[in-house]
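# A closer look at the structure
Residues per chain, in single letters:
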Amino acid sequence: ETDLLMKQAHAFYEQGRYDRSLDASDRAAQNLATQAAVLSSELGRYANRDRISRWQQMAKDTITWSRIHRTSAIVISKADRVLTLYRNGQKVLSYPVRLGFNGIREKRYQGDGATPEGRYRISSKRGQGQTQFYRALVLDYPNEDDRRRYKLGRMTGQIPASNAIGGQIEIHGVENELMAQTLGCVMLDNPQMALLYDRVEKGTPVTIVGALHEQNSVALTLATLDDRREET
């Protein structure tokens, strides 16, 4: 809509209809300002240095745990949409993933389409015939931190009473192309899921973070939006 308004503003300007041009430009600027405010509120943590530092520390702690215990651990970056498996503190493999339809947002309640962030463990493994997907690694969501955030959201009225906290967050393969978009889980293509499934066990740590570096895709998109708003 903003692009269309800017094209209209340019066309009106070329025609000498300056009042109409200015009106279209103002509406475009208002649109961008409104959307930038919404996105900054919901996704601004991806550009927050302190938050990114905490995410980096979470990933580092998980990798260190893998090295000390000489076993596997998983780190997932939502901004990069990448899952990385570590073994003995060393990267073993890294695969692209798909997230929930609102995957980069913070998970708040069941049905919001967001993929959770935090420290989890694989609570069970489900092979073919045990899951609707190709294979699945079930995570112990919600954990204590998730329940605390959910309780706070209910108390402050940010989460309606009718919305439960939910569960059944998994790392899973693809059932069919109609399931190409998950409801909050982490999805891999089936060949990658098969390899990952065979390399982890029940109890394997899984750390999900928003981003692992400041120049992540979400932060860059927000910066681009701010630049466009200033130009408008």
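Residues numbered from 1 in each chain as written. Predicted model: local features only at pLDDT ≥ 70, side-chain atom pairs only at ≥ 80, totals over all residues. Heavy atoms only, no water.

## Some points on the nonpolar core
Within the largest apolar cluster, 38 residues are counted, with the highest numbers of intra-cluster contacts made by Ile74, Ile171, Leu188 and Leu196. Dropping the residues within four chain positions of it, Leu188 is found in contact with Leu83, Tyr95, Pro96, Val97, Ile171, His172, Gly173, Val174, Met193 and Leu196. (Core = buried A, V, L, I, M, F, W, Y, C linked by side-chain atoms within 4.5 Å. Buried < 20%, exposed > 50% of the residue type's maximum accessible area, 1.4 Å probe, protein only. Contact = heavy atoms within 4.5 Å.)

## Digging into the sheet that holds strand β2 (residues 82-87)
The mixed open sheet is built from eight strands, whose spatial order is β3-β2-β1-β8-β4-β5-β6-β7. Either end of the sheet is taken by a strand with one partner, and the two such strands are β3 (90-96) and β7 (186-187). Of the strand pairs in this sheet, strand β4 (residues 118-126) and strand β8 (residues 205-209) are connected by four bridges, and their pairing is antiparallel. Paired with Gly118 across the bridge in β8 is Ile208. Across the sheet, helix α5 (residues 190-199) is in contact with β1 (72-77), β2, β3, β4, β5 (136-139) and β6 (170-172); its angle to β5 comes to roughly 60 degrees. (Pairing = 2+ DSSP bridges. Helix = DSSP H or I, 4+ residues; strand = E, 2+ residues; numbered from the N terminus. Axes fitted to C-alpha atoms, helices over the stretch in contact; angles between N-to-C directions.)

## Some points on the packing of aromatic side chains
In this structure the tally under the stated criterion is three aromatic pairs. Ring plane angle 50 degrees and centroid distance 5.5 Å describe the contact between Tyr46 and Trp55, whose orientation is recorded as tilted. We classify Tyr46 as buried; its relative accessible area is 0%. Among the residues examined, Trp55 registers a relative accessible area of 3% and is labelled buried. Lying across the ring of Tyr197, Lys125 places its NZ or CZ 4.4 Å from the centre. (Phe/Tyr/Trp six-rings, centres within 6.5 Å; stacked < 30°, edge-to-face > 60°. Lys NZ or Arg CZ within 6 Å of the ring centre and 35° of its normal.)

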